[in-house]
Amino acid sequence: MIPPKGKYLFGSVTVGERGQIVIPKKAREIFHIKAGDQLLILGDEERGIAIVAQTDLQKFFDAIALVPDFPEK
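If you're wondering where the values come from, they're calculated on a predicted model, not measured in any experiment.

K.L.:
Hey, could you run me through unusual backbone geometry in this one?
P.N.:
With the exception of glycine, most residues fall at negative phi, and the peptide bonds are largely trans. At His32, a position not held by glycine, the phi torsion is positive, near 55 degrees. Judged by its relative accessible area of 65%, His32 is exposed.

K.L.:
Before we go on, may I ask you to explain a nonpolar patch on the surface in this structure?
P.N.:
A surface patch of nonpolar side chains, amounting to about 570 Å² of accessible area, comprises Val13, Val15, Ile21, Ile41, Ile49 and Ile51. Looking at the element boundaries, Ile49 is found in strand β2 (residues 48-53).

K.L.:
Looking at this structure, how should I read the pattern of salt bridges?
P.N.:
Side chains carrying opposite charge are able to pair once their charged atoms draw close together. This structure, assessed with the given rule, holds two salt bridges. In this structure, Lys25 engages Glu29 in a salt bridge whose closest nitrogen and oxygen atoms are separated by 3.0 Å. Residue Lys25 and its partner Glu29 are located together in helix α1 (residues 25-30), separated by four residues, close to a single helical turn. Residue Glu29 is classed as partly exposed on the basis of its relative accessible area of 41%.

K.L.:
What's the story with the environment of Leu57 in this structure? I'm lost.
P.N.:
By the secondary structure assignment, Leu57 is in helix α2 (residues 54-65). Since its relative accessible area comes to 18%, Leu57 is described here as buried. In the structure, Leu57 is positioned 17 residues away from Leu40 in sequence and 8.5 Å away in space, judged by C-alpha atoms. When sequence neighbours within four positions are dropped, the list of residues in contact with Leu57 reads Leu40 and Val52.

Criteria and cut-off values
Residues numbered from 1 in each chain as written. Predicted model: local features only at pLDDT ≥ 70, side-chain atom pairs only at ≥ 80, totals over all residues. Heavy atoms only, no water. Buried < 20%, exposed > 50% of the residue type's maximum accessible area, 1.4 Å probe, protein only. Patch = residues over 30% accessible without salt bridge, like charges linked within 9 Å, V, L, I, M, F, W, Y side chains within 5 Å. Areas by Shrake-Rupley, 256 points an atom, 1.4 Å probe, with all protein chains shown as cover. Salt bridge = Lys/Arg side-chain N within 4 Å of Asp/Glu carboxyl O. Helix = DSSP H or I, 4+ residues; strand = E, 2+ residues; numbered from the N terminus. Contact = heavy atoms within 4.5 Å.

Keep in mind these numbers describe shape, not what the thing actually does.
Have a look at this one:
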């Protein structure tokens, strides 16, 4: 079965004693994650956990700051 374009299942990881995980090599390659990168861990009790590169989130916040406020109706 071929997954939808841009969707990945990298497999499972084991959480270490101090809460650390190892991000699979293929995931690091595809998402250009390297040593020293800062990642944010986001969580939603209903939807799960997400890992986001801090630089990507900062770009998002910068972009929405440029969007003008629209008056409420």
